[in-house]
Amino acid sequence: MPINRKWDLKKLITAAQEFPLRSREKVTFEYVLLRGVNDSDQDAREVAELVRGVKAKINLIALNPGPGIDYKTPEEKRVKDFQEILIRAGVPTFIRRPRGRDIYAACGQLKRTLEATA
């Protein structure tokens, strides 16, 4: 995962494993899918392995495109296939439905749109 150069994922996973949770609670990880960058079947298997042993669930977010963003949104089928791999690995996984994407008001778009017009 490209962000791993900046953040230590091992420390994050250790913290998630040690976080005190009640019996029905889970740590939620948000995973933004970028077409051709981190949305392959292999990436899904790596995510499943990363959270093994963590009482976790994952929210998948297909990239919300906008001005000045060089990455692309994965196809809907690719997102569903990614989700299915995680679910088969025993990781509860949900797809976050975008709201406001058509008017650049979805998660991550507002700030980027404002920067692009400034």
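For the structure itself, consult the block above.
These lines cover the structure that appears in this document, whether it is placed above or below. (Residues numbered from 1 in each chain as written. Predicted model: local features only at pLDDT ≥ 70, side-chain atom pairs only at ≥ 80, totals over all residues. Heavy atoms only, no water.)

1. Comments concerning the sheet that holds strand β2 (residues 56–62)
Strand pairing in a sheet is mediated by backbone hydrogen bonds. Such pairs are either parallel or antiparallel. Spatially, three strands are ordered β1-β2-β3 in an open sheet, and the strand pairing comes out parallel. Of all strands in the sheet, those bounded by a partner on one side alone are β1 (27–33) and β3 (93–95). When strand polarity is set aside, the average angle formed by the axes of neighbouring strands in this sheet is 25°. Bridging between β2 and β3 involves three bridges; their strand directions are parallel. Note that in β3 the partner of N59 across the bridge is F94. Lying on the sheet, helix α3 (residues 76–88) is in contact with β1, β2 and β3; it crosses β3 at an angle near 165°. (Pairing = 2+ DSSP bridges. Helix = DSSP H or I, 4+ residues; strand = E, 2+ residues; numbered from the N terminus. Axes fitted to C-alpha atoms, helices over the stretch in contact; angles between N-to-C directions. Contact = heavy atoms within 4.5 Å.)

2. Some details on the pairing of β2
With six of seven residues buried, β2 lies mostly within the body of the structure. Note: β1 against β2, seven bridges, orientation parallel. Within β2, the residue paired with L33 across the bridge is A62. Following the chain from β1 across helix α2 (residues 41–50) to the adjacent parallel β2, one finds a crossover that is right-handed. In this view, the connection linking β2 to its parallel neighbour β3 by way of α3 has right-handed handedness. (Buried < 20%, exposed > 50% of the residue type's maximum accessible area, 1.4 Å probe, protein only. Right-handed = clockwise from strand over helix to strand, strands pointing away.)

3. A few points about the environment of S23
Within the fold, S23 resides in the loop between α1 (9–18) and β1. Judged by its relative accessible area of 68%, S23 falls in the exposed class. Counting along the chain gives 32 residues from S23 to K55, while the straight-line C-alpha distance between them is 9.7 Å.

4. Here we look at the nonpolar core
In terms of nonpolar packing, the biggest core is built from 21 residues, with F29, Y31, I58, L60, F82 and L86 touching the most fellow members. Broken down by secondary-structure element, the contributors of at least two residues to this core are α1, β1, α2, β2 and α3. Once residues lying within four places of it in the same chain are set aside, the contact partners of I58 are F29, Y31, V47, V51, L86, V91, P92, T93 and F94. (Core = buried A, V, L, I, M, F, W, Y, C linked by side-chain atoms within 4.5 Å.)

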